[in-house]
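# Structural overview
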Amino acid sequence: MRTLFLSHPRYRDHLAPENHPEQPDRIAAIERRLEGEAFQHLIRDLARAVTDTEIQRVHPAGYVEHIRIQAPNDGLMSINGDTILSNGTYEAARLAAGAACLAVDEVMAGLVDNAFSAARPPGHHASARQAMGFCFFNHAAIAARHAQAAHGAERIAIVDFDVHHGNGTQNIFYSDETVFYASLHQAHLFPGTGEASETGIAGNILNVPLGAGADGAVVLAAMSEAVLPAVAAFRPDLLVLSAGFDAHYRDPLGDLNLVEADYATLTRSLMEVADRVCGGRIVSLLEGGYDIDALGLSAAAHVSALMGH
Ligand SMILES: [Zn+2]
């Protein structure tokens, strides 16, 4: 399998207060776990900045400019609770969104089979005009729109297995039947949305809230019984993953109980459906994951599975 791995050193320049979970060393923790011989065939490249055209398919120009001018020259500034800007935030967020588009370019052109973007800040809580939950720009939404506008894809499925509900992605596509959004997440956790009754304008939203304490067996069963059949029935041209690793049992922000091996099983189950319905095309985008060691191990299990191991 030809798997693309995208990252960028500038992600480190998006700073956070000392006790903030979304820390600059998250990306390095993943890269360290991808150094071994098992990953020698990974195709590694640097993220590129998102273009104005690409980002404005999701976020109005005025909102993008608002984020740019809010970033302080020195120190940190809260834009919404614990969603915090530093001087390097805007550039990092534009690289994270651009990496999502670059991954779409390579996968849709058949240059690689699938791709994983290890980027920060994350994206799935960002709505078209609202930063929240450590997120500024919604990379999964930008990727979906890019596949449609630049590569002729008609239908995009987004599967989100972060422990939190991706309220931003759901908001953006709630009334768009060309995009199917499915989320497995812990019920009654931040941001408080993601009830099973939230189904979108055309049944294009699927929420599977899980009780605290659910382990890999529960999550994998929900994936197999609810999410995968719905993705297959939607017949997407591309599968985008909002790959958060904060459902790991060691994560400080969630109370689900996955182990790193569960992420490999989860990934293979998604690949099997992608093989059947969209030529195996998967673009996977890092969202959460806040125990540094568990994040590295879980992301490595995910990437290893994407590589066909
Ligand atoms: Zn999360």
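Read on for a plain summary of the structure. (Residues numbered from 1 in each chain as written. Predicted model: local features only at pLDDT ≥ 70, side-chain atom pairs only at ≥ 80, totals over all residues. Heavy atoms only, no water.)

This next bit is on the overall build of the chain. Within the chain one finds 9 helices and 10 strands. Computed over C-alpha atoms, the radius of gyration of the chain comes to 17 Å, within 12% of the 19 Å expected from 2.2 N^0.38 for 309 residues, which places it in the range of a compact globule. Along the three orthogonal principal directions, the C-alpha set of the chain runs to about 50 × 40 × 40 Å. The buried share of the chain, reckoned over its 309 residues, is 60%. (Helix = DSSP H or I, 4+ residues; strand = E, 2+ residues; numbered from the N terminus. Rg over C-alpha atoms; globule rule 2.2 N^0.38 Å. Buried < 20%, exposed > 50% of the residue type's maximum accessible area, 1.4 Å probe, protein only.)

In the first shell of the zinc ion, the protein supplies Asp162 (OD), Asp162 (OD), His164 (ND1) and Asp246 (OD), at 1.9 to 2.7 Å from the metal. Classification of the site at the zinc ion as irregular follows from its 4 donor atoms and the range of 53 to 153° in their angles at the metal. (Donors = N, O, S within 2.8 Å, 3.2 Å for Na, K, Ca; no water. Tetrahedral: all angles 85-135°; square planar, octahedral: opposite > 155°, others 65-115°.)

This part takes up the nonpolar core. Ranked by internal contacts, the top residues of the largest apolar core, which has 100 residues, are Tyr11, Phe116, Phe137, Ile156, Ile158, Leu239 and Phe245. At 13 residues, helix H4 (residues 89-108) tops the list of elements feeding residues into this core. If near-sequence neighbours (up to four positions away) are discounted, leucine 239 is found in contact with Ala157, Val159, Val231, Leu270, Ala274, Cys278, Arg281, Ile282 and Val283. (Core = buried A, V, L, I, M, F, W, Y, C linked by side-chain atoms within 4.5 Å. Contact = heavy atoms within 4.5 Å.)

Moving on, we come to the environment of histidine 66. Tracing the backbone shows histidine 66 in helix H3 (residues 61-70). Histidine 66 sits in the partly exposed class, given a relative accessible area of 33%. Residues histidine 66 and arginine 129, 63 residues apart in the sequence, show an inter-C-alpha distance of 9.6 Å.

Over its 19 residues, helix H7 (residues 216-234) runs 25 Å from end to end, which matches the ideal 27 Å to within 8%, given 1.5 Å per residue. Maximum bend of H7: about 35°, positioned at methionine 223. If you check which residues of H7 are buried, you get Gly216, Val219, Leu220, Ala222, Met223, Val227, Leu228, Val231, Ala232 and Phe234. Buried residues in H7 make contact with strand S6 (156-160), strand S7 (179-186), strand S8 (205-210), strand S9 (238-243) and helix H8 (260-277). Phi turns positive, to about 50°, at arginine 235, one or two residues after H7. (Expected span 1.5 Å × (residues − 1). Bend = angle between axes of the 7 residues up to and from the residue.)

Geometric values such as these leave the question of function open.
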